[in-house]
Amino acid sequence: MLKATLKSLLSRNLRLILSGLAVVLGVMFVSGAFVLTDTLSRSFDSLFASVYSGIDVQVTHKPKVQADQMDGPPTSASIPASVVEQIKAVPGVAGVTAQASADGARVVGKNGKVVTTFGPPRIGENWTGTNDLLQLREGRGPSADDEIAVNVTTASDAGLKVGDEVGVLTLQPKRTFKLVGIFGYSGNRDSLGGALEVAFTTPVAQELMLGEQDVYSSIDVHRQPGVTEEQLRDRVAAAVGADYKVQTNAELQAATSQSFKQGLGFFNNVLIGFAGVALFVGTFLILNTFSIIVAQRTRELALMRAMGASRGQTLGSVLTEAVAIGLIASVFGLLAGIGVGVLLAWVFGNLTGVALASVGVPASAVISAFVVGLLVTVVAAVMPALRASRIPPIAALQEVSTPDRPLTKLTVSGAVVGAVGGTLLGLGLSGAGSGNTTLWLILGGVLVTFIGVALLTPLLARPVVNLLGRLFSWSVPGKLGRLNSGRNPRRTAITAAALMVGLALITGVNVILASAKQTLQNQADTQVTVDLIIRGDGDQNGPATFDPQVMTAAAKIPGVSSVASEYWEYAQIGDRRDGVSAVPDAAAWASMFKFKAEQGTLQWTGPDQAVVDPDTAKDLHLALGQTVDMQFSRGDPHHVTIVGIYTQSDVTSGVVVSPDLVKDFRVQQPAWGYVKVTPGTSVTDVERQVDTLLKDNPEVSVANRAEYVAAQSAQFDQLLTMIQVLLALAILIAVLGIVNTLALSVLERTRELGLLRAIGMRRAQTMRMVTVEAVVISVFGALLGLGVGVGLGAAVVRALKSQGFTEMAFPWTQMATYLLLAALVGVVAAVLPSIRAARVNVLQAIAHD
């Protein structure tokens, strides 16, 4: 039986290739993700080993404002210079190097634009001289307060050379320095991990990067011979006290590497999630393939049963084919995944400047490749295999094709499964459960809903396909194509369902983003009276900021009725970290966004005051007149009094504090500026004048309301493009499913095609008939995807109404485009099967059994 199975498998190369290709693509995505993250993980391990080389123990201040993984890095606190002297006096200390370093030194290049990176930090630091790691390439280190040195990567990206005047943005507005040196690192490296570095004199680095004089960000401690790192750590920790974190070299590397690996783990999960979608779609392809094969082999399997093969042997025969396909596909998928992982790692290295470690194949990539490949193919083949085992020996005397079965059980099952999926999705969107439970409820609900819809699809297939096919029924090939696409509802449904999954996800996301854009537009039109907005994009450290003098000058522009500025900072409020704003004139700010005081006042009457919206007050358990402790990046905790509760708004919310607290913010510059002009004044003229005021603030720009909304909407478009690219693999597999179904159907209908050709159908008409069948199936799948996607998207938007989604919008243009592309996909998918059908030898086909 095994020999017969293998011979049968090898005699049908087409089905082996097309079925296996879906698994190859999915496995490639999974194994490629593991190869990529393993390579990057080892690359970062190597990077941090270099960064901390020569450091035995490092001392940092525990952050005053904590952060979790999703909030970004914690807000660091500074170390007083007096602590340096304390550490020098610790027994076993050979020397110390005090660092005044922080992320956020943005160099202005020769083109007048700020030099950006794809992830690596832009570090400003004090010059501490050369060592075994850091080496001067040109010039010297800075010795005067108006001098800087930069690393080779910064000089190259900014187009700088020694002697140039260079603008640098820090915690303060742009300052200009003379470039006196360019440095690199051992091993002929231009940077450490692609970081852009600017070295100042120590007083300037303290002022610009840390915001205070006579403080440091960290202290590197070197041990005397005979003293271990652990001994030195314990002695230093005892000397400096509990407010400081003291770590050995190994602990530093492990802690820093672990934080990066958490980010890589999230990225890996995203890739595996999209791979899961592709494999889910591939399951439909394999299921359909084996269903068609079992139908075609009905007489062959019945003959085996008549010759003594048991049901178990018949079942094992089909599952053996599935295992063989799974194994072969897993091997090729793993090899392709290694290639993809290497390619993506190379792209990452070129974009970020991180030196890549040698490519390795982790055990997780190999195990996942074979587990996923075998599991998908075997699970997809179980139902056809069971159907094959039930073929009676008497079927050997019947026609090859088996009659289609009633759809009652399938329809009932689909309704039940769909209801379960909808219930899970509803529970997830309503917030039932907490943390990961909510996420799994939503993901499980979507998956089960897709399965339910797929089970219900055969019920819809015949009437919908018949209706769509009438568009092509003006000719005989068109009529035959319509009839062929509806002759087997199950087969058509499974093929269409594969395309439905990818399009449903894309359409659902599109509905959500279209609703978000419409909500944003509606809010700008109804809740904002501002005419001009000053802002920038920012980075992981927070929003871009600008010189406060810009707002002072803007207020003096003729035709400007009022201005308001908004500062931003993370603060520790009780046991949670929240973003807070500070506005000098709360009343003017509130009027621009149509806020009113529900309780108390929106006027600052003294220091250490705040106003909040009702939802934030409820979340933080705050009431009018209550005092709450707030810790900012600098200084001691403040006892802040709630003096007002403002009306709930969709535009903004949260804690707004009085301007006296800005002195303890990490960045003491506004992040947003708002300008309102008098009626009859040209907004364009005022915008032009404000833009001139921003010439020394290249990170920010001014825009009117319409331009601001368009800029925010563009971010949604970028997100949609990224999701479409990641889901393209699932769409590709669905197209392969259409090709596979048509190819096997052509093979199944060989005799029928021969008879049609014999009675006068031309080759071109044969090709047109197959093309109509493909287009109808493809458009049917697209309609299913659009319908399910609209439903899922609308459900999410409705669930997010309390989060500010006030408008429901449908992307009609994109949906029409998807439908047209689906028709085109059908034409492309039909090319090879239609050519094969047209080339059928008439006499051989008529004699085909």
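Thresholds, definitions, all that
- Residues numbered from 1 in each chain as written.
- Predicted model: local features only at pLDDT ≥ 70, side-chain atom pairs only at ≥ 80, totals over all residues.
- Heavy atoms only, no water.
- Helix = DSSP H or I, 4+ residues; strand = E, 2+ residues; numbered from the N terminus.
- Buried < 20%, exposed > 50% of the residue type's maximum accessible area, 1.4 Å probe, protein only.
- Contact = heavy atoms within 4.5 Å.
- Areas by Shrake-Rupley, 256 points an atom, 1.4 Å probe, with all protein chains shown as cover.
- Core = buried A, V, L, I, M, F, W, Y, C linked by side-chain atoms within 4.5 Å.
- Phe/Tyr/Trp six-rings, centres within 6.5 Å; stacked < 30°, edge-to-face > 60°.
- Lys NZ or Arg CZ within 6 Å of the ring centre and 35° of its normal.
- Patch = residues over 30% accessible without salt bridge, like charges linked within 9 Å, V, L, I, M, F, W, Y side chains within 5 Å.
- Salt bridge = Lys/Arg side-chain N within 4 Å of Asp/Glu carboxyl O.
- Arc of directions from axis to C-beta.
- Pairing = 2+ DSSP bridges.

A. Expanded view of the overall build of the protein. Of the regular secondary structure elements, the protein holds 24 helices and 25 strands. C-alpha atoms of the protein, sized along the principal axes, occupy 100 × 75 × 50 Å. Out of the 849 residues belonging to the protein, those deemed buried represent 51%. Expressed as a percentage of contacts within the protein between residues at least 6 apart in sequence, the contacts between residues at least 24 apart total 81%. Taken as a whole, the protein presents about 37,200 Å² of accessible surface, with 60% of it coming from carbon and sulfur.

B. Representation of the nonpolar core. Among the nonpolar cores identified, the biggest contains 98 residues, and F284, F450, M500, V501 and I733 are the most heavily contacted of them. Of the residues forming this core, the biggest block, 16 residues, is contributed by helix α2 (residues 13–51). For V501, the contacting residues outside a window of four places in its chain are V277, F280, V281, F284 and F450. Formed by 44 residues, the second largest nonpolar core is a distinct cluster that contains A100, V150, F177 and V221.

C. Spotlight on the packing of aromatic side chains. Enumeration according to the criterion identifies 14 aromatic pairs in this entry. Residues F183 and Y185 carry aromatic rings whose centres are separated by 6.2 Å and whose planes lie at 85° to one another, so their mutual orientation is edge-to-face. On the numbers, 5.7 Å between centres and 50° between planes, the contact of F810 with W812 is tilted. An aromatic cluster is built from W589, F593, F595, Y646 and Y674, whose rings are joined through pairwise contacts. Over the ring of Y570 we find R577; its NZ or CZ atom is 3.6 Å from the centre of that ring.

D. Spatial organisation of a nonpolar patch on the surface. On the surface, F118, L343, W346, V347, L351 and L356 cluster together into a nonpolar patch covering about 620 Å² of accessible area. Looking at the element boundaries, V347 is found in helix α9 (residues 311–352).

E. Structural context of helix α18 (residues 683–693). Within α18, burial applies to V686, E687 and V690. End-on, the buried residues of α18 take up no more than an arc of 105°, which puts them together on one face.

F. Here's a closer look at the side chain of T457. Structurally, the position occupied by T457 is in helix α12 (residues 436–469). With near-sequence residues (within four places) excluded, T457 lies in contact with A493, F780 and L784.

G. Broad picture of the pairing of strand β25 (residues 700–704). Among the five residues that make up β25, four are buried, leaving the element largely enclosed by the rest of the structure. The pairing of strand β16 (residues 532–536) with β25 spans five bridges and is classified as antiparallel. In the strand pairing of β25, R535 is matched with S701.

Any functional reading would require information that these geometric values do not contain.
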